Amino acid sequence: GALDIDELRRAFRAIGFKKIEVSEDIFKSFDTNGDGSVSLEEFEANLHPKTRKMLEAKLDNGFNFDPVKWAESAPKMDLSKAFACFDTNGDGALDIDE
């Protein structure tokens, strides 16, 4: 698996790194192959030593990943207006012609 910029931002917040804002530049420093996502290998290779130490301390102190909190942290978007733009016949479904 790999993380896009929004997932990397969420991951840092979920871990408790609230002071670290994952900017485009920071993301690019992780995404060394430029494919728009950060693999585990890229993450490990490019994690700043101070940040690595903080992460290891959190893990050593019993940090547990909570999939429910992770899901709740995802941005919620109402895409109904965008869908309606494409649903030109208004039947609530998109077919090949739409």
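All figures in this text were calculated on a predicted structure; none of them were measured in a lab. (Residues numbered from 1 in each chain as written. Predicted model: local features only at pLDDT ≥ 70, side-chain atom pairs only at ≥ 80, totals over all residues. Heavy atoms only, no water.)

Trainee: Could you clarify how one ought to interpret the nonpolar core in this entry?
Mentor: For soluble globular proteins, nonpolar side chains are generally found buried alongside one another. Counting residues in hydrophobic clusters, the biggest one holds 12 residues: Ile-5, Leu-8, Phe-12, Ile-15, Phe-17, Val-22, Phe-27, Phe-30, Val-38, Phe-43, Leu-47 and Leu-55. The set of elements that each furnish at least two residues to this core consists of helix H1 (5–15) and helix H2 (24–30). Looking at this core, the element that brings in the most residues is H1, giving four residues. (Core = buried A, V, L, I, M, F, W, Y, C linked by side-chain atoms within 4.5 Å. Buried < 20%, exposed > 50% of the residue type's maximum accessible area, 1.4 Å probe, protein only. Helix = DSSP H or I, 4+ residues; strand = E, 2+ residues; numbered from the N terminus.)

Trainee: What is the right way to look at the environment of Phe-65 in this model?
Mentor: Position of Phe-65 among the secondary structure elements: in the loop between helix H4 (49–60) and helix H5 (67–72). Since its relative accessible area comes to 51%, Phe-65 is described here as exposed. C-alpha of Phe-65 to C-alpha of Asp-87: the two residues are 22 residues apart in sequence and 39 Å apart in space.

Trainee: What should I look at first to understand the packing of aromatic side chains in this one?
Mentor: What describes a pair of aromatic rings is the distance from one ring centre to the other and the angle between the planes of the rings. According to the stated counting rule, one finds four aromatic pairs in the structure shown. With a centroid separation of 6.4 Å and an interplanar angle of 70°, the aromatic rings of Phe-12 and Phe-30 are classed as edge-to-face. Separated by 18 residues along the polypeptide, Phe-12 in helix H1 and Phe-30 in helix H2 bring together distant segments of the chain. A single burial state applies to Phe-12 and to Phe-30, both of which are buried. Taken together, a centroid distance of 5.5 Å and an interplanar angle of 15° make the contact between Phe-30 and Phe-43 stacked. Pair noted here: Phe-30 is in helix H2 and Phe-43 is in helix H3 (residues 40–46), with a separation of 13 residues, a long-range link. Residues Phe-30 and Phe-43 agree in their burial class; the two are buried. Following the ring pairs from residue to residue traces out a cluster consisting of Phe-12, Phe-17, Phe-30 and Phe-43. (Phe/Tyr/Trp six-rings, centres within 6.5 Å; stacked < 30°, edge-to-face > 60°.)

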